[in-house]
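What follows is the residue order along each chain.
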Amino acid sequence: MLLGGTIAQAGASNSNPMEKAIAWAMKTAADNRHGYSQGKENATASRPYTGSREGPDYDCSSFIYHALEHAGFPIIEAWHKNPDYRKLYHGKQYTGDADTIWPDLQRIGGFTRYSWQAVKNNLKRGDILCDPAHHVALYVGDGWTVEAKGVQNGQGGDWRTGDQGGEIDCYSAYGRGWTEVYRYTGK
């Protein structure tokens, strides 16, 4: 359930640029003009995605890429320099995926990768939680993430923006199969 401004204010530190990423992500989650889509480039007959994954709708990874861009991290430019941008997507996917986010974070610098097991009991606000084969989310504190994962919430719908409710929302960070955590540690 979306917790509005309560999480967005908890433990905020203006010295960490990840606060800007969190603020954008929480504002986007609270605005029902945004929903979940993996975009037409990923559509299949059984999953007829509509719209774009680059706004106003997002999938999990494009949501994180855009949050980081709004915080001043040039991660989309880093993605366009990633060999996978051409190799896997022929330059057609504007932002990367959960499996390309770590190489892109390395290109921009300032992030450290940890195993989930090493830091799961000491998560920091602004951590990026990832299972590179499946999903990525932004940790906002108090055991919660903000993320795009609407098609998995079991409320039905026909793949249109907002038709499932909570397509971009806050969820518990735990019991989710995360394997890696990317933390901004500064340049």
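Before any of the text, the structure's been laid out above.
The present account deals with the structure reproduced in this document. Just so it is clear, the structure is predicted and the values come from calculations on it, not from any experiment. Starting afresh in each chain, residues are numbered from 1 along the sequence in its written order. Totals for whole chains, interfaces and linings use all residues, but because this is a predicted model, local features are given only for residues with pLDDT of at least 70 and pairs of side-chain atoms are given and counted only at 80 or more. By convention in this description, side-chain values take in all heavy atoms of the structure and omit both hydrogens and water.

Helix and strand definitions here come from DSSP, where helices need a minimum of 4 consecutive H or I residues and strands a minimum of 2 consecutive E residues; each element is numbered from the N-terminal end. Across its full length, the protein chain holds seven helices and eight strands. Within the span of the protein chain, comprising 187 residues, buried residues form 50% of the whole. Contact criterion: two residues are considered in contact whenever any of their non-hydrogen atoms come within 4.5 Å of each other. When contacts within the protein chain are restricted to residue pairs at least 6 apart in sequence, long-range pairs at least 24 apart make up 65% of them. Counting only carbon and sulfur atoms, one obtains 49% of the accessible surface of the protein chain, whose full area is about 8,900 Å². The buried label goes to any residue with under 20% of its type's maximum accessible area, the exposed label to any with over 50%, and the partly exposed label to all in between, with areas taken from a 1.4 Å probe on protein chains only. To be clear on the numbers: accessible area is Shrake-Rupley with a 1.4 Å probe, and residue cover counts the displayed protein chains and nothing else.

A word on the packing of helix α3 (residues 60–70) against helix α6 (residues 101–108). Whenever a helix is involved, its axis is fitted only over the stretch in contact; in every case the axis is a line through C-alpha atoms, and angles between N-to-C directions fall within 0 to 180 degrees. Two numbers describe how α3 lies on α6: the axes approach to 12 Å, and their chain directions differ by 15°. If you check the angle between α3 and α6, you find them roughly parallel. Crossing geometry of α3 relative to α6 is assigned as right-handed. Contacts between α3 and α6 pair Ile64, Tyr65 and Leu68 from the former with Ile101, Asp104 and Leu105 from the latter. Oblique is the label for any angle not covered by the other classes, which are roughly parallel (under 35 degrees), roughly antiparallel (over 145) and roughly perpendicular (65 to 115). In this scheme the crossing of two helices becomes right-handed for a clockwise turn of the near helix relative to the far one and left-handed for an anticlockwise turn of less than a right angle.

What follows deals with the pairing of strand β6 (residues 144–148). Within β6, four of the five residues are buried, leaving the element largely enclosed by the surrounding structure. When DSSP locates at least two bridges between a pair of strands, those strands are taken to pair. Where strand β5 (residues 135–141) meets β6, three bridges bridge the pair, whose relative direction is antiparallel. Looking at the pairing, Gly141 lines up with Trp144 of β6. Once β5 ends, the chain turns through two residues before running back antiparallel as β6, passing Asp142 with a positive phi of about 55°. Here β6 runs beside strand β7 (residues 168–172); their pairing, made up of five bridges, is antiparallel. What sits directly across from Ala148, in β7, is Ile168.

Let us look at the sheet that holds β7. What the six strands build is an open sheet, ordered β3-β8-β4-β5-β6-β7; its pairing is antiparallel. Whereas interior strands pair on both sides, the edge strands pair on one side only; in this sheet they are β3 (111–115) and β7. Recorded for the sheet is a direction-independent mean angle of 30° between the axes of neighbouring strands. Docked against the sheet, α3 engages β3, β4 (128–131), β5, β6 and β7, running at close to 50° with respect to β5. Across the sheet, α6 is in contact with β3, β4, β5 and β8 (180–184); its angle to β3 comes to roughly 145°.

Our focus in this paragraph is helix α2 (residues 18–30). For α2, spanning 13 residues, the distance from its first C-alpha to its last is 18 Å, which sits close to the expected 18 Å at 1.5 Å a residue. Among all positions in α2, only Met18, Glu19, Ala21, Ile22, Trp24, Ala25, Met26, Thr28 and Ala29 are buried. Between the first and last residue of a helix there are one fewer steps than residues, each counted as 1.5 Å, and that sum is the expected span.

Turning next to the pattern of salt bridges. Put simply, a salt bridge is a Lys or Arg side-chain nitrogen that is within 4 Å of an Asp or Glu carboxyl oxygen. Tallying each qualifying case throughout the model produces seven salt bridges. A salt bridge links Glu147 to Arg176; the shortest N-O distance between them is 2.5 Å. You can see Glu147 sitting in strand β6 and its partner Arg176 sitting in the loop between β7 and β8, a full 29 residues away along the chain. Look at Glu147 and you get buried, because its relative accessible area is 0%. The partly exposed category is assigned to Arg176, whose relative accessible area is 24%.

Another aspect to go through is the packing of α2 against α3. Packing of α2 against α3 leaves a shortest axis separation of 7 Å and a crossing angle of 125°. Considering their axes alone, α2 and α3 lie oblique with respect to each other. Read as a crossing pair, α2 and α3 show a hand that is right-handed. Here Met18, Lys20, Ala21, Trp24, Ala25 and Thr28 of α2 lie close against α3, whose contacting residues are Phe63, His66, Ala67, Leu68 and His70. Think of it as three bins: nonpolar holds Ala, Val, Leu, Ile, Met, Phe, Trp, Tyr, Cys and Pro, charged holds Asp, Glu, Lys and Arg, and polar takes everything else, Gly as well. Among the residues forming the contact of α2 with α3, the class breakdown is seven nonpolar, three polar and one charged.

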